[in-house]
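The lines below spell out each chain.
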Amino acid sequence: MRIAVLDNDRSQADLICQVLTSAGHVCQSFDSGKDLLGQLRKDSVDMLILDWQVADMSGTEVLRRAKEKLPSTTPMMFLTSSSAEDDIVAGIGAGADDYMVKPLRRGELVARVQALLRRAYPAQNGAEQLQFGPYIFETRPGRLLMDGNVIEVTHKEFYLALLFFRNIGRPLSRAYIHEAVWIRETAVPSRTMDTHVSRVRNKLQLRPENGFRLVPVYSYGYRLEKLGA
């Protein structure tokens, strides 16, 4: 699903998008209401996540104007630092479908977003398929196939592999991989990540003869490369 995030704090918006991308969504972040609304004039999204107060306008104003541009079923959620009951009541009263208070809890964010999307788009709750060459990722059940054959992978191996394929050619830092795959775990030993990467490389046969190569980037992280035909 396509999700737009509005937050004054660019690092916070990027973190939200990172979490949602690892859950299989396409995410775009904005730090001003004007920029978000300008984008909505050109393209639609499937969900909005809004800060309560941004520099150029209030969250309720952004919500009201976004509702004029999007289908009435589009879910909208406030994610903000204000836990005051009056603000929560005002947000829901303005038409928000949910309200989550910072600091960001990654697992809860994904669960709330998935619940809102299931309710808004009941016909799309089947297995979403993403294909990269001979590999097919079915994101809803978390199933991975190569040339039509199921590859037995763990939950983390599945999302680690999907993260690499969504970022082909882009070096991914260890910190980024940690945030995207080990979402709620504060400390992950380096050897744990290396072991998972090695298993993904072996199970998916990411070798030049199959068109892909998963390589370490010295003192940084890893990169999945797609080789020429």
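Above this text is the structure in question.
The following refers to the structure shown. Bear in mind that the values here come from a model prediction, so they are computed numbers and not experimental data.

The next thing to look at is the pairing of strand β3 (residues 47-50). Residue alternation in β3 divides its side chains into two sets, Met-47 and Ile-49 and Leu-48 and Leu-50, and both sets are buried. Both strand β1 (residues 2-6) and β3 contribute to a ladder of four bridges, which runs parallel. What sits directly across from Ala-4, in β3, is Leu-48. Bridging between β3 and strand β4 (residues 76-80) involves three bridges; their strand directions are parallel. Paired with Leu-50 across the strands is Phe-78, a residue of β4.

With antiparallel pairing, the four strands of this open sheet are ordered in space as β6-β7-β8-β9. At either end of the open sheet lies a strand with only one pairing partner, and these are β6 (129-132) and β9 (149-151). Strand after strand, the sheet turns through a mean of 30 degrees between neighbouring axes, direction not considered. Note: β6 against strand β7 (residues 135-138), four bridges, orientation antiparallel. Directly across from Gln-129, in β7, lies its bridge partner Glu-138.

By the definition in use, this model includes 10 aromatic pairs. A ring pair is formed by Phe-132 and Phe-137, whose centres lie 5.9 Å apart and whose planes are at 80 degrees; its orientation type is edge-to-face. Judged by relative accessible area, which is 0%, Phe-137 ranks as buried. Taken together, the ring pairs connect Phe-132, Tyr-135, Phe-137, Phe-158, Tyr-159, Phe-165 and Phe-212 into an aromatic cluster.

Right, let's talk about the side chain of Lys-102 for a bit. Tracing the backbone shows Lys-102 in the loop between β5 (98-101) and α5 (106-120). Look at Lys-102 and you get buried, because its relative accessible area is 17%. Engagement of the side chain of Lys-102 in a polar contact is seen with the side chain of Asp-7, the distance being 2.7 Å. Those residues in contact with Lys-102 that sit more than four places away from it in its chain are Asp-7, Gln-12, Asp-51, Leu-79, Thr-80 and Ser-81.

As a further point, take the pattern of salt bridges. Taken as a whole and assessed by the stated rule, the structure comprises 15 salt bridges. Linking Asp-51 and Lys-102 is a salt bridge whose minimum nitrogen-to-oxygen distance equals 3.8 Å. Linking Asp-51 in the loop between β3 and α3 (59-69) with Lys-102 in the loop between β5 and α5, this pair joins segments that are 51 residues apart in sequence. As far as burial versus exposure is concerned, Asp-51 and Lys-102 are alike and both buried. Ionic pairing is found between Arg-112 and Asp-98, a salt bridge with its closest N-O pair at 2.8 Å. With Arg-112 in helix α5 and Asp-98 in strand β5, this residue pair connects regions lying 14 residues apart in the sequence.

Parameters at a glance
Residues numbered from 1 in each chain as written. Predicted model: local features only at pLDDT ≥ 70, side-chain atom pairs only at ≥ 80, totals over all residues. Heavy atoms only, no water. Buried < 20%, exposed > 50% of the residue type's maximum accessible area, 1.4 Å probe, protein only. Helix = DSSP H or I, 4+ residues; strand = E, 2+ residues; numbered from the N terminus. Pairing = 2+ DSSP bridges. Axes fitted to C-alpha atoms, helices over the stretch in contact; angles between N-to-C directions. Phe/Tyr/Trp six-rings, centres within 6.5 Å; stacked < 30°, edge-to-face > 60°. Polar contact = N/O pair within 3.5 Å; in protein donor to acceptor, adjacent residues only side chain to side chain. Contact = heavy atoms within 4.5 Å. Salt bridge = Lys/Arg side-chain N within 4 Å of Asp/Glu carboxyl O.

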